Amino acid sequence: MLKSSRVLFQCLSKHIEVTVRTALVTRKVSAFSPNRKCQYHKSADKMDILFCDYDFVGFDLDCTLCEYHVSDMARMEYDVMADFLIGRGYPSDKLKLGLDGFGLDFIQRGLILDFQRGNVLKLDRNGGIMKATHGTKVLDPEVTVEVYGRRTTNCPFLARIKENMLSAWEPDCRSRYRLLLDYFDFPAGLAFARCVDHFDERGETDFTKCGEDTLAVLRYMYNRDHFADGRSEYFKRMRAEPSKYIRRSDPRLIVWLRNLHRKKRTFLITGSNCDLADFVATHSLGPDWRDLFDVVVCFANKPFFFTERRPYLSVTNDLKEGQPTENLSLPGIFSQGNWADLAHLFCVNLNKPEARGLYFGDNLVQDVFTPLKFGCCDTVAVVEEKNEDHPSREAVHSEFWGAMHARGSWWGNVIEIYAKASIPSMNALPR
Ligand SMILES: [Mg+2]
């Protein structure tokens, strides 16, 4: 895939082309985009996607265009989580076991927390349980099948999530399960498991409180108001030492984006509030980051940005949300909004009745599954776990769970089905 990535960059200055494996794409097209006219160009052993088939190209920000020093960030995040949970009465000797050795190996994105049962689950490609723990202790496979059924058929909530992953956001699912989908919430798997171990030792049999407290810590850490008001220890530490946590992008990526911007309409869609997005993008892409995009959308509420029609809000010069606006124009920065209006804006600007989009993102539900499933655009998955030489390898890879995107795993299957291609890093593209 690295070879393919080089092709993409080299051809940007010519006709802009990316090559991906034939078998993978063929299956995706036949299974999931029946109504879309896909313009692929087959050859004997490969299939080329012409970048010039796309009119507008967009990106997620965190862990897509902006990479983090994942090990340092995970340690800091876990530390903040542990302090919060100790404040809620959990024992410090259990929560403060730290994030080295077993702790670091236990965390992984893509895991599912089952609050009531106190279990942490990794699904296989069919929705069965690939591996499970109760707290931090491995669950016997026979017990797992007994509890959940062979393909988690005994568990209607999980069945709903498997049927449509957006179900995980419905209130009754949210209060009972949590999908850990990125490098911001993934240490919560360990924090939750250690809380469950504590409840186990006390002889408790319902672990819902551990789940509620885990959700509470995530709300406290990532509440968008807390970046400005300083109430989140996570944001405080991030602001104090940005270069410890945020990686400066490869200058060649900036040049690549600048070249792309000359040839295509480009956009950024991030779930972060405008002030946080500006902070992160400035430290990764530089102070002129907004010049790289025609449209920037903050606090976008993915995945529902792609499925609902939330209005756009203007953004003031000091990066605060303003009034609802229907006056979208290029270049612009907005808050909230929706995909349908963005696509329409590009169509009008390009003077085309239809325009095709391509979107790069790391979140396999919000950035990869949803845009394709709901017919918005094609997607490219950014999967840092694919980088065997990742500088934060000890945090990104897990011997305990096996690879997040392993063949035969749920997320490996999602990538295979919904992404046109997958790459380990945006920074690898221009190399
Ligand atoms: Mg992201």
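As annotated in an unreviewed UniProt entry, the protein carries the name 5'-nucleotidase domain-containing protein 1 and comes from Nesidiocoris tenuis.

Caption draft 1: Broad picture of the overall build of the protein. If you tally the helices and strands in the protein, you get 19 helices and 17 strands. Counting across all 431 residues of the protein, residues that qualify as buried make up 47%. Expressed as a percentage of contacts within the protein between residues at least 6 apart in sequence, the contacts between residues at least 24 apart total 70%.

Caption draft 2: Broad picture of helix α3 (residues 70–87). The end-to-end C-alpha distance of α3 is 26 Å, a good match for the 26 Å that 18 residues give at a rise of 1.5 Å each. By the burial criterion, the buried members of α3 are Val70, Met73, Ala74, Met76, Glu77, Tyr78, Val80, Met81, Ala82, Phe84 and Leu85. Against the buried residues of α3 lie α4 (92–95), α9 (188–201), α10 (208–222), α12 (233–240), α13 (242–245) and α18 (393–396). One or two residues past the end of α3 sits glycine 89, with phi positive at roughly 105°.

Caption draft 3: Representation of the sheet that holds strand β7 (residues 129–134) within the structure. The strand order across the open sheet built from five strands is β8-β7-β6-β5-β9, with neighbouring strands paired in antiparallel fashion. Two strands close off the open sheet at either side, each with one partner strand: β8 (137–138) and β9 (177–179). Pairing between strand β5 (residues 112–114) and strand β6 (residues 119–123): three bridges, direction antiparallel. When the sheet's bridge partners are listed, aspartate 114 is paired in β6 with asparagine 119.

Caption draft 4: Structural context of α12. For α12, the full list of buried residues reads Tyr234, Phe235 and Met238. Angular distribution of buried residues about the axis of α12 spans 90°; they occupy a single face of the element. Residues of α12 that are buried make contact with α3, α10, α11 (225–229) and α13.

Caption draft 5: Spotlight on the pairing of strand β13 (residues 321–324). Of the strand pairs in this sheet, strand β12 (residues 312–315) and β13 are connected by two bridges, and their pairing is antiparallel. Residue pairing for β13: valine 315 is matched across the bridge by glutamate 321. Here β12 folds back onto β13 in antiparallel fashion, the turn holding five residues, of which leucine 319 has a positive phi close to 65°.

Caption draft 6: Spatial organisation of the nonpolar core. In this structure, Ala74, Met81, Leu85, Ala191 and Val297 are the most contacted members of the largest nonpolar core, which totals 122 residues. Broken down by element, the residue count for this core peaks at ten residues, all from α3. When we break this core down by domain, the ones giving at least three residues each are domain 1 (2–67 + 246–428) and domain 2 (70–239).

Caption draft 7: Spotlight on the packing of α9 against α10. Where α9 contacts α10, the axes come no closer than 9 Å and their chain directions differ by 145°. For the pair α9 and α10, the sense of crossing is right-handed. Counted together, Ala188, Ala191, Phe192, Cys195, Val196 and Phe199 of α9 and Cys210, Gly211, Asp213, Thr214, Val217 and Leu218 of α10 form the full contact between these two elements. Residue composition of the contact of α9 with α10, by class: nine nonpolar, two polar and one charged.

Caption draft 8: The sheet that holds strand β17 (residues 421–423), seen in detail. Taken in spatial order, the nine strands of this open sheet run β13-β12-β14-β11-β10-β4-β15-β16-β17, and their pairing is mixed. Looking at the sheet topology across the chains shown, the edges are occupied by β13 and β17. Each neighbouring strand pair of the sheet contributes to a mean axis angle of 25°, computed without reference to strand direction. Taken strand by strand, helix α16 (residues 339–350) contacts β4 (56–59), β10 (265–269), β11 (295–298), β12 and β15 (357–361), and its axis lies near 165° from that of β10.

Caption draft 9: Spotlight on the pairing of strand β16 (residues 378–382). Among the five residues in β16, five count as buried, and that is most of the element. Side chains Asp378, Val380 and Val382 of β16 all project onto a buried face; the interleaved residues Thr379 and Ala381 project onto the opposite face, where all are buried too. Where β15 meets β16, four bridges bridge the pair, whose relative direction is parallel. Among the inter-strand pairings, tyrosine 359 is bridged to a residue of β16, identified as threonine 379. Taking the sense of rotation as the criterion, the β-α-β connection linking β15, helix α17 (residues 364–373) and β16 turns out right-handed. When β16 meets β17, the two strands line up parallel, connected through three bridges. Among the inter-strand pairings, alanine 381 is bridged to a residue of β17, identified as serine 422.

Each value, and the rule that gives it
- Residues numbered from 1 in each chain as written.
- Predicted model: local features only at pLDDT ≥ 70, side-chain atom pairs only at ≥ 80, totals over all residues.
- Helix = DSSP H or I, 4+ residues; strand = E, 2+ residues; numbered from the N terminus.
- Buried ≥ 20, exposed ≤ 12 C-beta atoms within 10 Å, placed from the backbone.
- Contact = placed C-beta atoms within 7 Å.
- Expected span 1.5 Å × (residues − 1).
- Pairing = 2+ DSSP bridges.
- Arc of directions from axis to C-beta.
- Core = buried A, V, L, I, M, F, W, Y, C linked by C-beta atoms within 7 Å.
- Domains from an automatic or database assignment.
- Axes fitted to C-alpha atoms, helices over the stretch in contact; angles between N-to-C directions.
- Left-handed = near helix turned anticlockwise from the far one by under 90°.
- Nonpolar A, V, L, I, M, F, W, Y, C, P; charged D, E, K, R; others polar.
- Right-handed = clockwise from strand over helix to strand, strands pointing away.

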